[in-house]
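Coordinates in review
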Amino acid sequence: MKVTTPDTEGAQKRESVFHRLYTGTGAFDIIGKRSRWYIALGLLVLVCIGAIGFKGFNLGIDFEGGTKISMPAVGAQGPIETDAVQSAFSDAIGHPAETVQVVGAGGNQSIQVRSSSLTVDQVIEVKQEIFNQTQPLDGTGKPSQQVISDSAVSGTWGEEITTQALLALGVFLVLVTIFLAFYFERWMAVAALVALLHDVVVTAGIYSLVGFEVTPSTVIGLLTILGFSLYDTVVVFDKVKENTRGLLSMTRRTYPEAANLAVNQTLMRSINTSVIALLPVLGLLVVGAGLLGVGVLRDLALVQMVGMIAGVISSIYLATPLLVDLKMRESKYRSHAKKVEQRRAKSAAREAGEDVPEEPKRPVTAGATRQQPAARPAGKAARPSGKRRR
C-alpha cells in the first residue's frame, strides 16, 4: 500500500496541472517554447490561406445575387431527396442549380435551392416542376405548391453588401490600431494587430474548408469575435505591463520571464472566459441550427465558435511571445537580461563555495561634490582663525 505523507501530498499538488493553472506561478514555459508555437500557428495560417486561395468561399445569395427557392423536405412519397429537386430544376430550366441542400433537423428540415438570377416566368416553371415531381406537404399534411417559396437578390445589391462588409472590417481594424497606439506602447500594438490578423485568416480559412455559406450574419459574427480576441489580448498585456513596470532597475527576472509569468497568471482566466462564452454559442449551433434548422444561427454560431477559440490561442501563444521578441530587439532589454544572468551566475557560485570577486567601486568623477564636514555640536562657537587683539 502506498503511504502518502503531507510532504508528498504537497509535491503531488505542485506537480498537478490544474494546481499550476490556478496558482499561475509561471510553471508553464510558454514564452521559452515560442518557436514551436510560431511553427504550429504558421502552418495553420498557410493551410487556411491555401483553402481560401484554391477553394474559395461559398458566398450566399446576399453577396453574389441570384434566386433562392425553399420548400419542406417531406413530400407525399416520404422524405424528398436533393437529387429529385435538382432533376426537377434541370427539367424546367435546362441547367442544374448551383446548390441544393438540406438544412435543419427532424420535422424542421427544409430544402434550399440556390441558382443564378431567374426571371419571373422561370421561377414559376421551376416551382411547378418541383411540385409535380416531389409533392411537398403543407402543415395539414396535404401536397401544396404554396409551401414552395422564392426570393431574389440582384447582383448589384450583392456587390454593395460585399463592399460594406469589407469596409466595416477595415474601419474596425483602423479603430483598433488607434486604440492600441494610445493605450499600449508601440510593440504591444503591433503584436496585438498581428494576433487579430491571425484570427481573421484562421476563421476565414476554416469557414472555407467547412464550406458553410457566407452570409451577412457571418460578417457580424466575425466582427464580434475580433472584439473578443482583442479583449483577451488586452487582459494579458495589462498583466505584462504590470509585471514589467520598473523592470530595468532590478535584476530579479528578465523581460521574457516577466511576460511568461503574466501569461501564466491570466491563463486560467482566459480559459474560464472562453468556456463561459462558448456555451451559448454551442447552444446556437446545436439547438438553433441543428434542431430548429435556422441557417442564420448556424452561420453566426460557427464563425463565433471558431473565432473565440482562435482568439484565445493567439493571445496566449502568438501575441505575447511576439511582443517578447520585439522587445528583445532593443539593446536595453538585452543588456538587462545579461545583468540578470551574471547575478544568477554569481549567486550560484557563492552557493557552491567558490570565490567570487567583488565588483569594483565606482570611481568618483571630477567635479563631484566633496563630503561636507560634520556639523558642530550646538552651544559651541567656532574659534576665530586669527589672534585676538589685546
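Residues numbered from 1 in each chain as written. Predicted model: local features only at pLDDT ≥ 70, side-chain atom pairs only at ≥ 80, totals over all residues. Heavy atoms only, no water.

Helix and strand counts for the protein stand at twelve helices and eight strands. By the burial criterion, 37% of the 390 residues in the protein qualify as buried. At a minimum sequence separation of 6, the contacts of the protein that also span at least 24 residues come to 75%. Carbon and sulfur atoms form 59% of the exposed surface of the protein, whose accessible area is close to 23,400 Å². (Helix = DSSP H or I, 4+ residues; strand = E, 2+ residues; numbered from the N terminus. Buried < 20%, exposed > 50% of the residue type's maximum accessible area, 1.4 Å probe, protein only. Contact = heavy atoms within 4.5 Å. Areas by Shrake-Rupley, 256 points an atom, 1.4 Å probe, with all protein chains shown as cover.)

This part is about the pairing of strand S2 (residues 66–72). As paired elements, S2 and strand S7 (residues 149–153) share five bridges and run antiparallel to each other. Note on S7: the bridge partner recorded for Ser-70 is Ser-149. Both S2 and strand S6 (residues 110–115) contribute to a ladder of six bridges, which runs antiparallel. Of the residues in S6, the one forming a bridge with Lys-68 is Arg-114. (Pairing = 2+ DSSP bridges.)

Okay, the sheet that holds strand S5 (residues 99–103) next. Taken in spatial order, the four strands make up an open sheet running S5-S6-S2-S7, and their pairing is antiparallel. Each edge of the open sheet carries a strand with a single partner, namely S5 and S7. Ignoring which end each strand starts from, the neighbouring axes of this sheet average 20 degrees apart. Sheet topology note: the S5/S6 ladder contains five bridges and is antiparallel. Following the sheet pairing, Val-103 is matched in S6 by Ser-110. Packed on one face of the sheet, helix H5 (residues 82–93) meets S2, S5 and S6 and runs near 145 degrees to S5. Sheet strands touched by helix H6 (residues 120–134): S2 and S7. Its angle to S2, the strand with the most contacts, is close to 25 degrees. (Axes fitted to C-alpha atoms, helices over the stretch in contact; angles between N-to-C directions.)

With that out of the way, let us pick up the UniProt feature "transmembrane region" (unreviewed entry) in the protein. Those places that UniProt annotates as "transmembrane region" (unreviewed entry) correspond, in this numbering, to residues 37–54, 165–184, 191–212, 218–237, 275–296 and 302–324. Along residues 37–54 one finds 100% helix and 0% strand; the C-alpha atoms at either end are 26 Å apart. Between the C-alpha atoms that bound residues 302–324 the distance is 32 Å, and the span itself is 100% helix and 0% strand. (UniProt positions renumbered as here; feature names shortened; annotations may be inferred.)

Another aspect to go through is the packing of H5 against H6. Helices that pack against each other are described as a pair by the angle of their axes relative to one another and the distance between those axes. Remark: H5 packs on H6, axes separated minimally by 8 Å, with the N-to-C direction vectors making an angle of 135 degrees. As the angle between them shows, H5 and H6 are arranged oblique. At the point where H5 passes H6, the crossing takes the right-handed sense. Contacts between H5 and H6 involve Ala-84, Val-85, Ser-87, Ala-88, Phe-89, Asp-91, Ala-92 and Ile-93 from the former and Gln-122, Glu-125, Val-126, Glu-129, Ile-130, Gln-133 and Thr-134 from the latter. Residues belonging to the contact of H5 with H6 are distributed by class as follows: eight nonpolar, four polar and three charged. (Parallel < 35°, antiparallel > 145°, perpendicular 65-115°, else oblique. Left-handed = near helix turned anticlockwise from the far one by under 90°. Nonpolar A, V, L, I, M, F, W, Y, C, P; charged D, E, K, R; others polar.)

For the rest of this paragraph, the subject is the pattern of salt bridges. Enumeration over the complete set of coordinates arrives at six salt bridges. Arg-34 is the partner of Asp-325 in a salt bridge, and the nearest nitrogen-oxygen pair spans 2.8 Å. Residue Asp-325 is found in helix H11 (residues 295–327), and its partner Arg-34 is found in helix H3 (residues 34–54); the two are separated by 291 residues along the sequence. (Salt bridge = Lys/Arg side-chain N within 4 Å of Asp/Glu carboxyl O.)

The next subject is the confidence of the model for the protein. Overall, the prediction assigns the protein a mean pLDDT of 77, with 77% of residues at 70 or greater. Taken element by element, the predicted model of the protein shows its lowest mean pLDDT in helix H1 (residues 6–15) (45) and its highest in H3 (92). A low-confidence stretch, residues 1–14 (pLDDT under 50), is modelled with five contacts involving residues beyond four sequence positions or located in other chains. Across residues 364–372, confidence stays below pLDDT 50; counting only partners more than four residues off in sequence or on other chains, it has zero contacts. (pLDDT = per-residue confidence, 0-100.)

So, about the side chain of Thr-233. Tracing the chain through its elements places Thr-233 in helix H9 (residues 216–243). Residue classification places Thr-233 among the buried positions, given a relative accessible area of 3%. The contacts of Thr-233, once residues within four sequence positions are left out, are Ala-192, Ser-315 and Ala-319.

Between its first and last C-alpha, H5 extends 17 Å over twelve residues, near the 16 Å set by a 1.5 Å rise per residue. Within H5, burial applies to Val-85, Ala-88, Phe-89, Ala-92 and Ile-93. Take H5 and look down its axis: the buried residues cluster within an arc of 115 degrees, on one side only. Looking at H5, the residues exposed on the side facing more than 90 degrees away from the buried face are Asp-83 and Asp-91. The inward-facing, buried residues of H5 contact S2, S5, S6 and H6. (Expected span 1.5 Å × (residues − 1). Arc of directions from axis to C-beta.)

Next up on the list: the nonpolar core. Counting 53 residues, the largest nonpolar core has Phe-237, Val-240, Tyr-255 and Leu-323 as the members making the most contacts within it. Looking at this core, the elements that each hand over two or more residues are helix H7 (155–183), helix H8 (186–210), H9, helix H10 (255–291), H11 and helix H12 (331–351). Element by element, the count of residues in this core is highest for H11, at 13 residues. With residues near it in sequence (within four places) discarded, Tyr-255 still touches Met-188, Val-240, Thr-244, Leu-247, Leu-323, Val-324, Lys-327, Met-328 and Tyr-333. (Core = buried A, V, L, I, M, F, W, Y, C linked by side-chain atoms within 4.5 Å.)

Here we come to the environment of Val-201. Within the secondary structure layout, Val-201 lies in helix H8. Among the residues examined, Val-201 registers a relative accessible area of 24% and is labelled partly exposed. Sequence spacing of Val-201 and Ile-52 is 149 residues, and the spatial spacing of their C-alpha atoms is 8.9 Å.

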